[in-house]
Amino acid sequence: GFIPGVRNFFYKKFVSERIVEDPFVLNSINLPIGSRILDFGCYSSIVPLQLASLGYKVYGVDYYYYPHNHPNFKFLQGDFLDISFKSAFFECVYAISSIEHVGIGFYPPEKKNATDRGVVDKFYKILKPDGILIVTVPVGKNRTFKTVKVYDKPGLKDLFKRFKLVKEEYYVRKSNTVWVNSSYQEAYKTPVPYSRRYTHMAIACLVF
């Protein structure tokens, strides 16, 4: 019909890394119902709503307004580094493809001294000692583009040196619609093209 035809014309076949990141995060959270969870960079994500619907107490932080509501969800708009949380407040913190944008001008309101390390250090402070941190980031040759960083293995190891890595999975884009599980060797050797759309050609999904 006409409407499906218009949809197929405008919505080209393209699947972002969220296709593997979101289920990875959901599958990695096995906490008692009611546990406090923070979503760093929740803008445009439905994961906080999914977790809130399951009964978790979810907090979301982003520069940009989050339009959805849920009784178990609290949205905090602003700079994460300026928002006050009690130490050891959260059982879980997760960041889905967000840390790599910090400190390079991707967020217009961001302070000049903001860094990915500053964000990770705050994660350490607000997590309980036995809490979990879940992170997904693009990996490959260490490079910084106008909107995103791509991390190599030594860079990630140094960034999360205060944490203990307990789970790691890697995924590589094979086409516009296909992501597949891969080894870390393949992920880090995957070339990054000069394209904003395709910067994320390989990702690491990590649990600390």
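Now for a quick tour of the structure. None of these values were measured; they are calculated from a predicted model.

## Describing the overall build of the protein
(1) Moving on: The number of helices and strands found in the protein is six helices and 10 strands.
(2) Moving on: Whereas a compact globule of 208 residues would reach a radius of gyration of roughly 17 Å, the protein reaches 17 Å, a difference of no more than 12%.
(3) Moving on: Sorting the 208 residues of the protein into buried and exposed places 49% on the buried side.
(4) Moving on: The contacts of the protein with a sequence gap of at least 6 include a subset with a gap of at least 24, amounting to 63%.
(5) Moving on: As displayed, the protein has an accessible area near 11,300 Å², and 56% of this comes from carbon and sulfur atoms.
(6) Moving on: Averaging the locations of the 29 positively and 18 negatively charged side chains of the protein gives two centres separated by 3 Å.

## So, the side chain of Glu100
(1) Moving on: Mapping Glu100 onto the fold places it in the loop between strand E4 (90-96) and helix H4 (116-126).
(2) Moving on: Not counting residues up to four positions away in its chain, the partners in contact with Glu100 are Thr136, Val137, Pro138, Thr147, Val148, Lys149, Tyr151 and His200.

## Regarding the packing of aromatic side chains
(1) Moving on: All chains considered together, the criterion is met by 19 aromatic pairs.
(2) Moving on: Here the aromatic rings of Tyr59 and Phe90 are separated by 5.4 Å at their centres, their planes lie at 85 degrees, and the arrangement is edge-to-face. Residue Tyr59 is located in strand E2 (residues 57-62), and its partner Phe90 is located in strand E4; the two are separated by 31 residues in the primary sequence.
(3) Moving on: Taking relative accessible area as the criterion, Tyr59 reaches 17% and is therefore assigned buried.

## Regarding helix H2 (residues 18-28)
(1) Moving on: Those residues of H2 that sit buried are Val20, Glu21, Asp22, Phe24, Val25 and Ser28.
(2) Moving on: Structurally, H2 contributes buried residues whose contacts are with helix H3 (47-53), E4, strand E5 (127-138), strand E8 (167-173), strand E9 (179-182) and strand E10 (202-207).

## A few points about the pattern of salt bridges
(1) Moving on: Using the criterion set out here, one finds nine salt bridges in the structure.
(2) Moving on: Of the charged contacts, one joins Asp121 and Arg162 as a salt bridge, the two residues approaching to 3.7 Å between their closest N and O atoms. Within this pair, whereas Asp121 is found in helix H4, its partner Arg162 is found in the loop between helix H5 (153-159) and E8, the two being separated by 41 residues in sequence.
(3) Moving on: Looking at Arg162, the relative accessible area reads 46%, which means it is partly exposed.
(4) Moving on: The closest approach of N and O atoms between Glu186 and Lys174, which form a salt bridge, is 2.8 Å.

## Looking at unusual backbone geometry
(1) Moving on: Positive phi outside glycine occurs at Ser44, with the angle close to 75 degrees.
(2) Moving on: Along the chain, Ser44 falls in the loop between strand E1 (36-40) and H3.
(3) Moving on: Phi at Ser97 is positive, roughly 45 degrees, even though this residue is not glycine.

What counts and how
- Residues numbered from 1 in each chain as written.
- Predicted model: local features only at pLDDT ≥ 70, side-chain atom pairs only at ≥ 80, totals over all residues.
- Heavy atoms only, no water.
- Helix = DSSP H or I, 4+ residues; strand = E, 2+ residues; numbered from the N terminus.
- Rg over C-alpha atoms; globule rule 2.2 N^0.38 Å.
- Buried < 20%, exposed > 50% of the residue type's maximum accessible area, 1.4 Å probe, protein only.
- Contact = heavy atoms within 4.5 Å.
- Areas by Shrake-Rupley, 256 points an atom, 1.4 Å probe, with all protein chains shown as cover.
- Lys, Arg positive; Asp, Glu negative; His and termini not counted.
- Charge placed at Lys NZ, Arg CZ, Asp CG, Glu CD.
- Phe/Tyr/Trp six-rings, centres within 6.5 Å; stacked < 30°, edge-to-face > 60°.
- Salt bridge = Lys/Arg side-chain N within 4 Å of Asp/Glu carboxyl O.

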